[in-house]
Amino acid sequence: MSSRRSRSRQSSGSRITDDQIIDLVSKLQQLIPELRGRRSDKVSASKVLQETCNYIRNLHRQVDGLSDRLSQLLASTDTDSDQAAVIRSLLME
């Protein structure tokens, strides 16, 4: 038994166990489209974490792009129009 595993079992009340880490990495892998179809035993935890970071960065870029497009749309829309009201209601959700 490795010393890491021994330590995790000794303080299992306050630390996450190796089995919990494996379970969490597996769940995370299922959330990432690039990794979803792969067998979990074929993908390392570091690869899952790396792809997760890439995916989150990509989502941030998409949100920024959509935010910019929305700002442009709002700037070109009459603030009292029905279209502006729809946009405002969507933002409130």
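We now turn to the structure provided with this report. (Residues numbered from 1 in each chain as written. Predicted model: local features only at pLDDT ≥ 70, side-chain atom pairs only at ≥ 80, totals over all residues. Heavy atoms only, no water.)

With that out of the way, let us pick up the overall build of the protein chain. If you tally the helices and strands in the protein chain, you get four helices and zero strands. Counting from the amino terminus, the protein chain carries its helices and strands in the arrangement α-α-α-α. By the burial criterion, 16% of the 93 residues in the protein chain qualify as buried. In the protein chain, the share of contacts with a sequence separation of at least 24, taken over all contacts with a separation of at least 6, comes to 5%. With the model as given, the accessible surface of the protein chain reaches about 7600 Å², and the carbon-plus-sulfur share is 52%. (Helix = DSSP H or I, 4+ residues; strand = E, 2+ residues; numbered from the N terminus. Buried < 20%, exposed > 50% of the residue type's maximum accessible area, 1.4 Å probe, protein only. Contact = heavy atoms within 4.5 Å. Areas by Shrake-Rupley, 256 points an atom, 1.4 Å probe, with all protein chains shown as cover.)

Here helix α3 (residues 45–75) crosses helix α4 (residues 82–92) at 145 degrees, and the two axes come no closer than 10 Å. Once α3 is placed against α4, the crossing between them reads as left-handed. Along its contact with α3, which presents L70, L73 and L74, the element α4 presents Q83, I87 and L91. Residue composition of the contact of α3 with α4, by class: five nonpolar, one polar and no charged. (Axes fitted to C-alpha atoms, helices over the stretch in contact; angles between N-to-C directions. Left-handed = near helix turned anticlockwise from the far one by under 90°. Nonpolar A, V, L, I, M, F, W, Y, C, P; charged D, E, K, R; others polar.)

This part takes up the pattern of salt bridges. The final tally for this structure, using the stated rule, is two salt bridges. One salt bridge in this structure joins D23 and K27, with 3.2 Å as the shortest N-O distance. Of this pair, D23 and K27 both sit in helix α2 (residues 18–31), four residues apart, which is roughly one turn of the helix. Residue classification places D23 among the partly exposed positions, given a relative accessible area of 36%. (Salt bridge = Lys/Arg side-chain N within 4 Å of Asp/Glu carboxyl O.)

In contact at an axis separation of 10 Å, α2 and α3 are set at 40 degrees when each is read in the N-to-C sense. For the element pair α2 / α3, the angle class is oblique. In this structure, α2 crosses over α3, and the sense of that crossing is left-handed. Here V25, L28, Q29 and L31 of α2 come into contact with α3, specifically with A45, V48, L49, T52 and Y55. Class assignment of the residues belonging to the contact of α2 with α3 gives a composition of seven nonpolar, two polar and no charged. (Parallel < 35°, antiparallel > 145°, perpendicular 65-115°, else oblique.)

Together, I16, I21 and L24 line one region of the surface with nonpolar side chains, adding up to about 240 Å² of accessible area. Counting through the fold element by element, L24 comes out in helix α2. Classification of L24 by relative accessible area gives partly exposed; the value is 45%. (Patch = residues over 30% accessible without salt bridge, like charges linked within 9 Å, V, L, I, M, F, W, Y side chains within 5 Å.)

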